[in-house]
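Reading the structure
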Amino acid sequence: MPVNRDTALAWMRGFAGEMAEHRQELVRLDTAIGDGDHGTNMDRGMRKALERLDGAEQADAGAVLKTVAMALVSSVGGAAGPLYGTLFLQMGGAMAGQEEVDLAGYVTAWRKGLEGVQMRGKAEPGDKTMVDALVPAVEAMEQASDLDGALRAGVEGAERGMLATVPLVARKGRASYLGERSKDHQDPGATSTYYLYTSAAEALAG
Amino acid sequence: MKKLINGPDAVVQDALRGVEAAHGDRLRVSYDPAYVVRADAPVQGKVGLVSGGGSGHEPMHGGFVGPGMLDAACPGEVFTSPTPDQMSEATKAVDGGAGVLHIVKNYTGDVMNFDMAAELGRGEGVEVESVLTNDDVAVEDSLYTAGRRGVGVTVLLEKICGGAAEDRRSLAEVAELGRRVNANGRSMGMALTPCITPASGEPSFELGENEVEIGIGIHGEPGRFREEIGPASQVAERMVTPIVEDLPFSSGDRVLAFVNGMGGTPLIELYLMYAEVAKLLEGHGLQVERNLIGNYITSLEMQGCSITLVKLDDEMLRYWDAPVNTPGLRWGV
């Protein structure tokens, strides 16, 4: 399926569905090493994003992602609002003006999104953040030869990165206050990022 | 979970309705985006002071809006930073032509959201400066953490900078004074019990029946260590010693001593703690010029307290004593 306005809408609806379904899981992960609000905040933010998507005609996939970005920035708060807001803003900017986004355009958008997240949050790989899911996913996607392959590579890379956060000591965000005690917990931000990839594969594949 | 709420999703909005009902004569409440602002804002020629943060720490920050302290406060969801649109609307609402100072506690979310808000404000032609508070000695300050948390010093800084802004000092001067207060302030907290956020309905951490957590954060972030509870004199010593050693405070220093309740501890215990703190400070040769005792930066219904010391200079003392008229702090009016 091509990446266009309608499939991007389906992707965002799917992601909102994942955030609602996994709200308690994300709250539980965040309670262990953070402040326990990640699931609640992402669910609230994506519900707000769907309201805005329903409320106005979107020009293209880029516009869809930008609308989601602004909804998250203005409704989520915490660290997730600016970070996911920046991710979608950068991705939307990279896709803007294209009726159909091809493989190169899709992968480039993810690279831009990752750069935006790192600029905003100053996190490096290994800091136990969403960057740990994004980096292997984007790198794997950049090796793909077609869109379906990129979608699969994104899910596999993000999953690998998410699971690899378990033994890490957090160096960014509230989890960093725990020091060594942040070990043996999966990072909630990397987990929500993984669901962004599974929902992309669901909505955009085939 | 038993709480006096109508529903977990409406806690902040519903509480703002109460603030408006109680203080509508001197505060104005905006609901979307959410912020509380002085009724007479913007005050022409005065630096505007905007702070904000997650809710659940009342009276901070909304209770400190008024003459002599903040011009506006942006409440986020419980324990969640407010958003850039709230902060930038509040910034515009208080800009009286002398610029706006953002007072930001050092938490990842607060810093990122205020950064975005400052970018938005500057884009609209408002001069914006930021002061960061990071006074919690319980946290190791290193490149490998998010840095020290902003806690009790925030309240004192908002009062002192508020006095300076009311005195029509410039944005650069108020910001510099704020940085000096933060640089000379240190805090540490402790918990007897966890708290329960309305959204999660679960205690933020587990603590044994006879255990205390020393170095707790205001969102239930873990502290330095846990131990079996001892007498108040021992608990006070566990906090005062690391605070004094950290700055370090030296014999002869003049200080402002602040014993703050976490929300669920009665004043009788806070005054009892203050007696222990005052004795310890005397032992260190510190001269307590002023004190503040009560629930000012809380953590919902958590039981416990925090101690903050600021090494005072004449300017800080003058602006601490200046009149203030807010729901949470009021004197000299």
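Residues numbered from 1 in each chain as written. Chains lettered and ligands numbered in written order. Predicted model: local features only at pLDDT ≥ 70, side-chain atom pairs only at ≥ 80, totals over all residues.

A few words now on the interface of chain A and chain B. Buried accessible area, meaning the area lost when the parts come together, often serves as the stated size of an interface. With 26 residues of chain A in contact, the opposing surface of chain B contributes 28 residues. Broken down by secondary-structure element, the contributors of at least two residues to the side of chain A that touches chain B are helix H2 (23-33), helix H3 (38-55), helix H4 (61-75), helix H5 (80-95) and helix H6 (103-121) of chain A. Here the element with the most residues in the side of chain A that touches chain B is H4 of chain A; it accounts for three residues. Among the residues forming the side of chain A that touches chain B, the class breakdown is seven nonpolar, twelve polar and seven charged. (Contact = placed C-beta atoms within 7 Å. Helix = DSSP H or I, 4+ residues; strand = E, 2+ residues; numbered from the N terminus. Nonpolar A, V, L, I, M, F, W, Y, C, P; charged D, E, K, R; others polar.)

Sheet faces and side chains relate simply in a regular strand, where the side chains alternate between the two faces. Residues and elements named next belong to chain B. For strand S2 (residues 34-38), the buried fraction is high: five of the five residues fall into the buried class. Pairing of strand S1 (residues 27-31) with S2 involves five bridges; the strand directions are antiparallel. Residue pairing for S2: Val29 is matched across the bridge by Val36. Counted between consecutive antiparallel strands, the loop separating S1 from S2 contains two residues. Here S2 pairs with strand S4 (residues 72-78) via two bridges, running antiparallel. Across the sheet, the residue bridging to Val36 is Ala73, located in S4. (Buried ≥ 20, exposed ≤ 12 C-beta atoms within 10 Å, placed from the backbone. Pairing = 2+ DSSP bridges.)

Attention now goes to the nonpolar core. All names here are of chain B. Of all hydrophobic cores here, the largest spans 161 residues; its most connected members are Ala72, Ile160 and Val277. Per-domain counts for this core show at least three residues from each of domain 1 (13-184) and domain 2 (185-312). Excluding residues that lie within four positions of it along the chain, Val277 makes contacts with Ala236, Val240, Ala257, Val259 and Ile307. (Core = buried A, V, L, I, M, F, W, Y, C linked by C-beta atoms within 7 Å. Domains from an automatic or database assignment.)

Residues and elements named next belong to chain B. In terms of domains, chain B is made up of domain 1 (13-184) and domain 2 (185-312). Using only C-alpha atoms to locate each centre, domain 1 and domain 2 end up separated by 23 Å. Residue-level contacts link 21 residues of domain 1 with 29 residues of domain 2. Among the elements of the structure, helix H4 (153-166) and helix H5 (171-183) are those that each provide at least two residues to the side of domain 1 that touches domain 2. It is H4 that contributes the most residues to the side of domain 1 that touches domain 2, four residues altogether.

Residue and element names in this part refer to chain B. The geometry of H4 relative to helix H8 (residues 314-321) is characterised by a closest axis approach of 8 Å and an angle of 85° between their N-to-C directions. Regarding the angle of H4 to H8, the classification is roughly perpendicular. Along its contact with H4, which presents Lys159, Ile160, Gly163 and Ala164, the element H8 presents Met316, Tyr319 and Trp320. Looking at the contact of H4 with H8 residue by residue, the classes come out as five nonpolar, one polar and one charged. (Axes fitted to C-alpha atoms, helices over the stretch in contact; angles between N-to-C directions. Parallel < 35°, antiparallel > 145°, perpendicular 65-115°, else oblique.)

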